[in-house]
Amino acid sequence: MPTVKMTHHLYRFFPELEDQTITVPAGSVAEVLRAVDTMTPGFTDYILDEHGALRQHVNLCINDHIVIDKKRLSDFVPNDGTVYIFQALSGG
């Protein structure tokens, strides 16, 4: 089962996930995020916009690759994959 890891700042909003190994069934990024939302209701509200797309200030990686489909979240997360959720940085 894939593992989900996130930047420490998200634990302020979802303390029940801190110090846990988060594992979910393999599937699309959308399915993985819904599985985390089942554990912690409101999780997807924080990282997805009102259309279900990844918010501008959030990035996702599957292993070493940035998620390509930030609107439909269709990138596949394999059984041995790790999804990293972190804030996007901007500026110069």
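The residue numbers shown here count from 1 along each chain, following its written sequence. With the structure being a predicted model, the display of local features is reserved for residues of pLDDT at least 70 and the display and counting of side-chain atom pairs for 80 or more, all residues being used for whole-chain, interface and lining totals. Here the side-chain values reflect all heavy atoms present in the structure, with hydrogen atoms and water set aside.

- The name an unreviewed UniProt entry gives the chain is MoaD/ThiS family protein, with Sedimenticola selenatireducens as the organism.

1. Considering the sheet that holds strand β4 (residues 58-62)
Hydrogen bonds between backbone atoms are what pair the strands of a sheet, whose relative direction is either parallel or antiparallel.
Thinking step 1. Sheet architecture is open: 5 strands sit in the order β2-β1-β7-β4-β5, paired in mixed fashion. Two strands bound the open sheet, and with one partner strand each, they are β2 (22-23) and β5 (65-66).
Thinking step 2. Relative to strand β7 (residues 82-87), β4 runs antiparallel, the two being bridged by 5 bridges. Note that in β7 the partner of N59 across the bridge is F86. Any two strands with at least two DSSP bridges between them are considered paired. Every helix listed is a DSSP run of H or I at least four residues long, and every strand listed is a run of E at least two residues long, numbered separately from the N terminus.

2. Some details on the pairing of β7
Thinking step 1. Inspection of the sheet shows strand β1 (residues 3-6) paired to β7 by 4 bridges, in the parallel sense. Its bridge partner lying in β7, V4 is registered against V83.

3. A closer look at the pairing of β1
Thinking step 1. The pairing of β1 with β2 spans 2 bridges and is antiparallel. Residue T3 lies in a different strand from β2, and its bridge partner there is T23.

4. Notes on unusual backbone geometry
Thinking step 1. In this structure, D19 is a non-glycine residue whose phi angle is positive, near 65°.
Thinking step 2. Along the chain, the position of D19 falls in the loop between β1 and β2.
Thinking step 3. For N63, which is not a glycine, the phi torsion comes out positive at approximately 55°.
Thinking step 4. Among the structural elements, N63 can be located in the loop between β4 and β5.

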